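# Topology and contacts: notes
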Amino acid sequence: MRILFHAAGHKPAPWLEGLKAALPEAAVAEWAPGAPPADYAVVWAPSQQMLDEQPQLKALFNTGAGVDALLQLRLPPHAQLVRLDDAGMSVQMAEFVCQAVIRHFRELDGYEADMRAGKWSFRKPRLRAEWPVGVMGLGVLGARVARALQQFEFTVNGWSRSPRQLEGVRCFAGRGQLDDFLAASRILVCLLPLTPDTENILDRHTLGRLMPGGYLVNAARGRHLVEPDLLALLEQGQLAGATLDVLREEPPPPEHPFWRHPRITLTPHTSARTLRDESIAQIAGKIRAMERGEPVAGVVDRTRGY
Ligand code: NAP
Ligand code: GLV
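Here the structure is a predicted model, which is why all the values come from computation and not from measurement.

### What to know about the domain arrangement of the protein chain
Domains assigned within the protein chain are domain 1 (2-87 + 274-291) and domain 2 (89-266). Inter-centroid distance (C-alpha atoms) of domain 1 to domain 2 is 33 Å. Taken together, the contacts link 12 residues of domain 1 with 6 residues of domain 2. Of the roughly 770 Å² buried between domain 1 and domain 2 on both sides combined, carbon and sulfur atoms contribute 49%. In this structure, the connection of domain 1 to domain 2 is made through 1 salt bridge. A salt bridge links Arg221 to Asp68, with the nearest nitrogen and oxygen atoms 2.9 Å apart. Taken together, the connections running from domain 1 to domain 2 amount to 3 residue pairs in polar contact (both at pLDDT 80 or more).

This is the structure:
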């Protein structure tokens, strides 16, 4: 069995070592032009040349959860696309979203600014019941986040493409129930995959339907958000602020208004990082399962886009 590694932004040596240790029976190599045909490839943002040179690949393992960039490429026709299915990401995402929600709900930005100004003063405690959180996307990450928010006794609403049932979560599904989901939520958390159906979904119409003084947490993809619409809603006071882990252009250009916006908190696409050891273990387990002819989790439906 031959496995190629071709993942932009990843140091190859530890990945190659890890894959060799997990699959000692396989020949594992970093891809270079003209590499002999392989069975499997482990990729992140691979080059089109690599994909064109390897039409026989049985599966491409994406070293991330989102496959939107991969689906923009011309892919080997019969290769299954397999995304990371948690592999240590969901607990990171739960940490990230809970801190963003709690930071806003508890007005910690304001308290920190007060402290820096030498001001020892109190704000009226907010009523948790007035801060329902809506989670868009109830997949591997969204369901974990919803569960974590419940631990802090937030009211949690969830929205997915097909109907879901999550204990204690008021679940909505499909475009037909989107407006009701938004109207019932004050803090909106986006954990959707980026697909033709979800691109630009965070626009003035959807964000404008949140309860007054709404707050946005986008930890999915920058292209979900129509950035000028967010700025307009912040300006109008319809939204109170946003935490954005992802942007349309990463990093944004120096003149981008989000860098210094007083009500936007930015992080550099770091809410749920790929953890190498967990990812290698998951990929190796799936390769073994595929070799045995067994189904694996996280296979992407190319027509659905996730
Ligand atoms: P997932 O398990 O595939 O879950 C996707 C969820 O979105 C599902 O509940 C799905 O509905 C829902 N959905 C998809 N299209 C929809 C639509 N048109 N309308 C309503 N709901 C829709 O994905 P995941 O592992 O949770 O990851 C989600 C995304 O997070 C990734 O695609 C990636 O873009 C992003 N991400 C970001 C970071 C970061 O560091 N910022 C890290 C990892 C992932 P169904 O349940 O009906 O299928
Ligand atoms: C990161 O954004 C991922 O999709 O894993």
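The rest of the description comes next.
### Considerations on the packing of aromatic side chains
In total, this model carries 6 aromatic pairs according to the counting rule given. Taking the centre distance of 5.3 Å and the plane angle of 80 degrees together, the rings of Phe105 and Phe154 count as edge-to-face. Linking Phe105 in helix α3 (residues 89-105) with Phe154 in the loop between α5 (140-151) and β7 (156-160), this pair joins segments that are 49 residues apart in sequence. Note on accessibility: Phe105 and Phe154 belong to one class, buried. Members of the aromatic cluster, each reached through a chain of ring pairs, are Phe105, Trp131 and Phe154. A cation over a ring is seen here: Arg123 above Tyr111, with NZ or CZ 5.1 Å from the ring centre. One residue, Arg128, lies across the ring of Phe154, its end atom 5.2 Å from the ring centre.

### Overview of the sheet that holds strand β9 (residues 187-190)
Note: strands within a sheet are paired through backbone hydrogen bonds, in either parallel or antiparallel orientation. Strand order in the open sheet formed by 7 strands is β8-β7-β6-β9-β10-β11-β12, with parallel pairing between adjacent strands. On the outer flanks of this sheet lie β8 (170-173) and β12 (264-266), each paired with one strand and no other. Recorded for the sheet is a direction-independent mean angle of 15 degrees between the axes of neighbouring strands. Here helix α8 (residues 227-236) sits on the sheet and contacts β10 (214-218), β11 (239-244) and β12; the angle it forms with β11, its principal contact strand, is near 145 degrees.

### Comments concerning the site of ligand 2
By nearness alone, every residue bordering ligand 2 is listed as Gly64, Ala65, Gly66, Met89, Arg221 and His269. Between Gly66 and ligand 2, the recorded distance is 2.7 Å, taken from a backbone N or O atom to an oxygen atom. A distance of 2.6 Å separates an oxygen atom of ligand 2 from a polar atom in the side chain of His269. Burial of ligand 2 by the protein amounts to 85% of the accessible area it has alone, namely 190 Å². Residue composition of the shell around ligand 2, grouped by class: 2 nonpolar, 3 polar and 1 charged.

Rules used in this analysis
Residues numbered from 1 in each chain as written. Chains lettered and ligands numbered in written order. Predicted model: local features only at pLDDT ≥ 70, side-chain atom pairs only at ≥ 80, totals over all residues. Heavy atoms only, no water. Domains from an automatic or database assignment. Contact = heavy atoms within 4.5 Å. Buried area = accessible area lost by both parts, 1.4 Å probe. Salt bridge = Lys/Arg side-chain N within 4 Å of Asp/Glu carboxyl O. Polar contact = N/O pair within 3.5 Å; in protein donor to acceptor, adjacent residues only side chain to side chain. Phe/Tyr/Trp six-rings, centres within 6.5 Å; stacked < 30°, edge-to-face > 60°. Helix = DSSP H or I, 4+ residues; strand = E, 2+ residues; numbered from the N terminus. Buried < 20%, exposed > 50% of the residue type's maximum accessible area, 1.4 Å probe, protein only. Lys NZ or Arg CZ within 6 Å of the ring centre and 35° of its normal. Pairing = 2+ DSSP bridges. Axes fitted to C-alpha atoms, helices over the stretch in contact; angles between N-to-C directions. Near = heavy atom within 4 Å. Areas by Shrake-Rupley, 256 points an atom, 1.4 Å probe, with all protein chains shown as cover. Nonpolar A, V, L, I, M, F, W, Y, C, P; charged D, E, K, R; others polar.

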